[in-house]
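This is what each chain is made of:
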Amino acid sequence: AGIAEGNSIRGHTVRIWTLSDNGANNDITSKIVAQVSNDHSGPMRDVCYDADTHSIYTCSNDGTVKIRSAEDGKCIETLVYPGYEQPMLLSVCVVGGGSTKAVVVGAEDGNVAIFNIGQQKQGEAQVIGHPGCVCK
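Computed from a predicted model, the values in this text were never measured in an experiment. Per chain, residues are indexed from 1 in the order of the written sequence. Thresholds applied to this predicted model are a pLDDT of at least 70 for local features of residues and 80 or more for the giving and counting of side-chain atom pairs; totals over whole chains, interfaces and linings are not thresholded and use all residues. Computation of side-chain values: all heavy atoms of the structure, hydrogens and water removed.

Draft legend 1. Molecular detail of the overall build of the protein. Runs of E in the DSSP output that reach at least two residues are strands. Runs of H or I that reach at least four are helices, and both are numbered from the N terminus. A count of helical and extended segments in the protein gives zero helices and 12 strands. The buried label goes to any residue with under 20% of its type's maximum accessible area, the exposed label to any with over 50%, and the partly exposed label to all in between, with areas taken from a 1.4 Å probe on protein chains only. A total of 136 residues make up the protein; the buried ones form 37% of that total. Taking the intrachain contacts of the protein between residues at least 6 apart in sequence as the baseline, contacts between residues at least 24 apart amount to 33%. Contacts were defined at the residue level, with two residues in contact if any of their heavy atoms lie within 4.5 Å.

Dropping the structure here:
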């Protein structure tokens, strides 16, 4: 989330919350565990959570995906859209599991990029053309 100022947004932050069940009354309480300032060089566009690894993924206008610890929000790894000029990344999701786990991003240039993160040696992302802008 960020604060709109005219045609731009500043102060992009990912907030990590924990939820607790208080038992008898079925009340749920929430608590902010961490706030992650935007360490992308452009606005963050999307976020997703991987329950298997307890990781958070953010994508940005800067053409990168940051893989973060859900415990404290610290960046573990940065995935970079292949090529000389990186397009804005509009959406991110994690699919598969084990050795077939992949990060899929939709880009404003009309392509989808797939990063195979489940493999020991990660190669460059596979870029697949798509007839138009790709977002959720």
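Draft legend 2. The state of the cysteines, seen in detail. In this description, a disulfide is simply a cysteine sulfur pair whose atoms lie within 2.5 Å. Throughout the structure, instances matching the rule amount to zero disulfides. Cys48 forms no disulfide, and the closest cysteine sulfur to it belongs to Cys93, at a distance of 6.4 Å.

Draft legend 3. Inspection of the pairing of strand E9 (residues 89-95) at higher detail. As paired elements, E9 and strand E10 (residues 102-107) share six bridges and run antiparallel to each other. By the bridge assignment, Val95 is partnered in E10 with Ala102. Here E9 folds back onto E10, and the loop between the two strands holds six residues, one of which, Gly96, carries a positive phi near 80°. DSSP-based pairing: two strands are paired if at least 2 bridges between them are found.

Draft legend 4. Broad picture of the nonpolar core. The term nonpolar core refers to a set of buried residues drawn from Ala, Val, Leu, Ile, Met, Phe, Trp, Tyr and Cys, joined through side-chain atoms within 4.5 Å. Ranked by internal contacts, the top residues of the largest apolar core, which has 15 residues, are Tyr57, Val65, Leu89, Val92, Val103, Val105 and Phe115. Counting only elements with at least two residues in this core, the list comes to strand E6 (55-60), strand E7 (64-69), E9, E10 and strand E11 (111-116). Examining the composition of this core, we find that three residues originate from one element, E10, more than from any other. In this structure, Val105 is in contact with Val65, Leu89, Ser91, Val92, Asn111, Val112, Ala113 and Phe115, ignoring residues within four places of it in sequence. Core analysis: the second largest hydrophobic core is formed by seven residues, Val14, Ala34, Met44 and Ile56 among them.

Draft legend 5. A look at the sheet that holds strand E5 (residues 44-50). Spatially, the four strands line up as an open sheet ordered E5-E6-E7-E8, and their pairing is antiparallel. Single-partner strands in this sheet number two, and they are E5 and strand E8 (75-80). Looking at each pair of strands side by side, their axes are set apart by 20° on average, direction ignored. Where E5 and E6 come together, six bridges link them in antiparallel fashion. When the sheet's bridge partners are listed, Cys48 is paired in E6 with Tyr57. Each axis is a line fitted through C-alpha atoms, and for a helix only the stretch in contact is used; angles between axes span 0 to 180 degrees, taken between their N-to-C directions.

Draft legend 6. Broad picture of unusual backbone geometry. Within the chain, His54 stands out as a residue other than glycine whose phi angle is a positive 55°. Mapping His54 onto the fold places it in the loop between E5 and E6. His54 sits in the partly exposed class, given a relative accessible area of 43%.

Draft legend 7. Structural detail: the pattern of salt bridges. Salt-bridge detection follows one rule: a side-chain nitrogen of Lys or Arg within 4 Å of a carboxyl oxygen of Asp or Glu. For the coordinates displayed, the defined rule picks out three salt bridges. Here Asp50 makes a salt bridge to Lys101, at a shortest N to O gap of 2.6 Å. One end of the pair, Asp50, is in strand E5; the other, Lys101, is in the loop between E9 and E10, and 51 residues separate them in sequence. The pair Asp50 / Lys101 is uniform in exposure class, with both members buried. Lys101 is the partner of Asp52 in a salt bridge, and the nearest nitrogen-oxygen pair spans 3.7 Å. You can see Asp52 sitting in the loop between E5 and E6 and its partner Lys101 sitting in the loop between E9 and E10, a full 49 residues away along the chain. On the basis of relative accessibility, which here comes to 61%, the residue Asp52 falls in the exposed class. Residues joined in a network through salt bridges with shared partners are Asp50, Asp52 and Lys101.

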